Amino acid sequence: MGFLADDRGSPGRVNSVAEGRSDVSLDFIEQPDTLLAAESPARVRLVVANEGGTRAASVAVRLVWGEHDSLISVGDLEPGETVDLSLGLPLLYGSRVGFEAHVVLSGDQDPTNDTLTWTAQFGVRVGSVVINELMPVPLDGNEWIEIRSLLGHAVSLSGWTLVDEAERMGKLPPVTLQPDEFAVLHRETAKDGWLAVSDWPSLNNSGDRLRLIDASGSVIDEVVYADAEPGRSLERIDPQSAGVGANWISNALDPGGTPGRSNR
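This text gives an overview of the structure that appears in the document.

A short note on the overall build of the protein
When you go through the protein residue by residue, the secondary structure sums to zero helices and 20 strands. Relative to its length of 264 residues, the protein is extended, with a C-alpha radius of gyration of 27 Å against a globular reference of 18 Å. Projected onto its principal axes, the C-alpha positions of the protein cover 90 × 30 × 30 Å. By residue count, 45% of the 264 residues in the protein fall in the buried class. Within the protein, contacts between residues at least 6 apart in sequence are counted, and of these 61% link residues at least 24 apart. Counting 20 positive and 40 negative side-chain charges, the protein places the averaged centre of each group 4 Å from the other.

Written out as structure tokens, the structure reads:
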């Protein structure tokens, strides 16, 4: 008499050759991404398998995140039958989220292979954190860049970078930016309340292109500026609009600019 061998064995479980054994398992087809760009649809690929010796009726998979859940019907599975699932994940901008997927089957005799868990960090929407003001040619001290959050919730800057036209990449510190909060980035740590960027990408006096990139690799904001005057900051006129030349003005009224507060 032949039988299907289970190369994992069945320690602590009903034997795989037991008559009438009911067991449906859940596994990853491939490991899910842990960093997800905000604007890209995210999916996780799973396989549901009937590893028992009896027909499994009305199988489903429940996907849970936070206080939310979604039930995906798989249907009936014959012994040895498998079904591949590709589940769409919600777009949870700027959040670190824990997910759980588990088999829903009445009478499943082996709960040890029913559940999968993973965590994903979602990027933020393009334009939701912007470069709001910059000082390319300070009269004294160092260059600085002011960023502003337009989000209604806190967002971590861990893994974010600042990149210039020459592809020099500065790393932002792992701090949390609160809703509608300003943060001033520069190359030193001595100034209270300012954030030091490692490998600071120097700002060209004659113009430059700056990109603010989140931990998922998405370009969240991009600014192109032309010649800068000594001691005058460049201010974004409308933070909701693109960072192109027409949306910038040289601040002639505030010596040293307005770092950390609203633009004039």
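The discussion continues.
Structural notes on the sheet that holds strand β4 (residues 56–65)
As a general point, the strands of a sheet are linked pairwise by backbone hydrogen bonds and lie either parallel or antiparallel. What the five strands build is an open sheet, ordered β2-β8-β7-β4-β5; its pairing is mixed. Two strands close off the open sheet at either side, each with one partner strand: β2 (35–36) and β5 (68–77). Alignment of β2 against strand β8 (residues 115–122), held across two bridges, turns out to be parallel. Its bridge partner being in β8, L35 is matched across the sheet by Q121.

Some thoughts on the layout of surface pockets
A volume near 270 Å³ is recorded for the second largest pocket. In this structure, the second largest pocket is lined by 16 residues; those nearest its centre are D140, G141, N142, W144 and W194. For the lining of the second largest pocket, the per-class residue count stands at eight nonpolar, five polar and three charged.

Notes on the packing of aromatic side chains
Taken as a whole, this structure holds five aromatic pairs when the rule is applied. With 5.5 Å between their ring centres and 15° between their planes, F99 and W118 make a pair best called stacked. Of this pair, F99 sits in strand β7 (residues 96–104) while W118 is found in strand β8, placing the two residues 19 residues apart along the sequence. We classify F99 as buried; its relative accessible area is 3%. We classify W118 as buried; its relative accessible area is 8%. For the pair W144 and W194, a centre-to-centre distance of 6.1 Å together with 65° between the ring planes defines the contact as edge-to-face. Here W194 lies in the loop between β15 (182–186) and β16 (195–196) and W144 lies in strand β10 (residues 144–149), a separation of 50 residues in the sequence. With a relative accessible area of 4%, W144 lands in the buried category. Among the residues examined, W194 registers a relative accessible area of 18% and is labelled buried. Among the aromatic residues, ring-to-ring pairing joins F28, W65, F99, W118 and F122 into one connected group.

Looking at unusual backbone geometry
It is generally the case that most residues other than glycine have a negative phi and that most peptide bonds are trans. Despite not being glycine, S58 has its phi angle at roughly 55°, a positive value. Relative to the elements of secondary structure, S58 occurs in strand β4. A relative accessible area of 59% means that S58 is categorised as exposed. Unusually for a residue other than glycine, D199 sits at a positive phi of about 55°. Among the structural elements, D199 can be located in the loop between β16 and β17 (208–213). We classify D199 as exposed; its relative accessible area is 56%.

What counts and how
Residues numbered from 1 in each chain as written. Predicted model: local features only at pLDDT ≥ 70, side-chain atom pairs only at ≥ 80, totals over all residues. Heavy atoms only, no water. Helix = DSSP H or I, 4+ residues; strand = E, 2+ residues; numbered from the N terminus. Rg over C-alpha atoms; globule rule 2.2 N^0.38 Å. Buried < 20%, exposed > 50% of the residue type's maximum accessible area, 1.4 Å probe, protein only. Contact = heavy atoms within 4.5 Å. Lys, Arg positive; Asp, Glu negative; His and termini not counted. Charge placed at Lys NZ, Arg CZ, Asp CG, Glu CD. Pairing = 2+ DSSP bridges. 1 Å grid on protein atoms, 1.4 Å probe; cavity = no way out; pocket = protein on both sides within 12 Å on 5 of 7 lines; lining within 4 Å. Points joined across faces, edges and corners; volume = space filled by probe spheres on them. Nonpolar A, V, L, I, M, F, W, Y, C, P; charged D, E, K, R; others polar. Phe/Tyr/Trp six-rings, centres within 6.5 Å; stacked < 30°, edge-to-face > 60°.

Just distances and angles here, no functional claims.
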